[in-house]
Structures are given as C-alpha cells and as structure tokens.
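Fold and contact review
These are the residues of each chain, in order.
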Amino acid sequence: MAIPPIVAAFDSRADQQLASLRNNPAANRVAYLASEIADYSMGWHILGVAVSIANPTLIPHTLRMAITLGVESALVNGAIKPLVKRERPTDWENVAGHGVRRPKTHSFPSGHSSSGVVAASLLSAAVPTARPLWWTLTAIVAWSRLHTRMHHASDIVAGAGIGWLIARAAKRLWVI
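Reference entry: report on the structure contained in this document. (Residues numbered from 1 in each chain as written. Predicted model: local features only at pLDDT ≥ 70, side-chain atom pairs only at ≥ 80, totals over all residues. Heavy atoms only, no water.)

What follows covers the nonpolar core. Grouped together as the largest cluster of nonpolar side chains are 21 residues, with contacts concentrated most on W44, V51, M65, L123, V127 and W134. Here this core gets 6 residues from one element, more than from any other, and that element is helix α5 (residues 111-126). When near neighbours in sequence (up to four residues on either side) are disregarded, W134 contacts W44, L47, V51, A120, L123, S124 and V127. Within the second largest apolar cluster, 6 residues are counted, among which are A14, L18, A142 and L146. (Core = buried A, V, L, I, M, F, W, Y, C linked by side-chain atoms within 4.5 Å. Buried < 20%, exposed > 50% of the residue type's maximum accessible area, 1.4 Å probe, protein only. Helix = DSSP H or I, 4+ residues; strand = E, 2+ residues; numbered from the N terminus. Contact = heavy atoms within 4.5 Å.)

What follows covers the packing of helix α1 (residues 5-18) against helix α7 (residues 153-174). α7 packs onto α1 with a crossing angle of 105 degrees between their chain directions and a minimal axis gap of 7 Å. The angle between α1 and α7 places the two elements in the roughly perpendicular class. The residues of α7 that touch α1, namely those facing V7, F10, D11 and A14, are A153, S154 and V157. Here the residues of the contact of α1 with α7 sort into 5 nonpolar, 1 polar and 1 charged. (Axes fitted to C-alpha atoms, helices over the stretch in contact; angles between N-to-C directions. Parallel < 35°, antiparallel > 145°, perpendicular 65-115°, else oblique. Nonpolar A, V, L, I, M, F, W, Y, C, P; charged D, E, K, R; others polar.)

The subject of this paragraph is α5. Every α-helix carries 3.6 residues per turn, so stepping three or four residues along brings you back to the same face. Here α5 spans 22 Å end to end across 16 residues, near enough to the 22 Å set by a 1.5 Å rise per residue. Counting buried residues along α5, 15 of its 16 residues qualify, which places the element largely inside the surrounding structure. Near the N-terminus of α5, the side chain that reaches the backbone nitrogen of H112, with its oxygen 3.5 Å away, is that of S110. (Expected span 1.5 Å × (residues − 1). Polar contact = N/O pair within 3.5 Å; in protein donor to acceptor, adjacent residues only side chain to side chain.)

By the definition in use, this model includes 4 salt bridges. Here D11 makes a salt bridge to R86, at a shortest N to O gap of 2.6 Å. One end of the pair, D11, is in helix α1; the other, R86, is in the loop between α4 (59-84) and α5, with 75 residues separating them in the sequence. Taken as a pair, D11 and R86 share a single burial class, namely buried. Where R86 meets D155, a salt bridge forms, and the shortest distance between an N and an O atom there is 2.8 Å. Here R86, found in the loop between α4 and α5, pairs with D155, found in helix α7; they are 69 residues apart in sequence, far enough to count as distant. This pair shows no difference in class: R86 is buried, exactly as D155 is. Ionic contacts of the salt-bridge type, sharing partners, join the residues D11, R86 and D155 into one network. (Salt bridge = Lys/Arg side-chain N within 4 Å of Asp/Glu carboxyl O.)

Dropping the structure here:
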C-alpha cells in the first residue's frame, strides 16, 4: 500500500521527535514495560478485574469491556491489518535487544492504541473518578508503541480513532 506523502511526513516527524528519548534508559524501561503489559489487552483485562474486585457491582461492566476488547481485537487484527498490510518500521534490530516480542501482524492500525482507547472509555464510564488514570495509561501505551518502533505515528492515531468508534458503539449498545 502506498502511503500518502503527508502521512509519511507526519510519521517521519514524530519518529524524529522521539529519537533522543530512545537513548534514555528510564524511558526505555517504561516504554517496553507498558508495551508488554498491554499485549493481548492483558493490562486492560487486569484493570477490569481489579475494578470488579473493588466494586462487585461492576462485574457486568467488566464483562462487557472484555467482550468489546475481543471484538476490537478481531476487527483490528483479523480484518483491518490484513486488508491494509502496512509494514512495521524497518529498524527492528535497534529494539530487538530489549527483549520485546515482535508482532506477527501488520502495522496499521495500532491494536494497542485501539484497545487502550476502548478500555479507557469503558473504564471511565464505570469509574469516572479514575478517568485521568485510565487516559494517562492509554497515552503511555500508545506512546510506547511509537517509542519501541512497533508502529508509525499514523498507525497510533488511526488505532485511537478506531478504538473511539468501537467504544462509542459499545456504550450505545449497552447504554453505558
């Protein structure tokens, strides 16, 4: 798939902005840990369970979030990525030493970003007082995918947009 020049320029600019931060050991630890915890939406599922343990009346909400994350994953990883077939950033050798798992799927859109937006949206509906926490965690995970060079910046933006649409549909479906 040919990338429009404006998108390529956006991706290049974002990558350049992070270049110096990629040499920071603390930033690397945060990025690689956040990226790993969010693999397969596990971090979001763990947070959902923790919310339900703290307040058992939210168990149905946690189950709805888990179902929505499953739908999001099937749509993003099973339908959109194979259709678009965008390659991931090419400098994998620079991150391989960090022990991070190299995804087998394509790059566009970012599943970590879409699942993060879905989770933050639904967790914010369940526990509105923790809204800043949910969105901060989502931002960290999204940034981690760019920092670790698993995605282009436009993949992250598109993933966030898709996550927002899925969360909005889920809220309407379940009247959240």
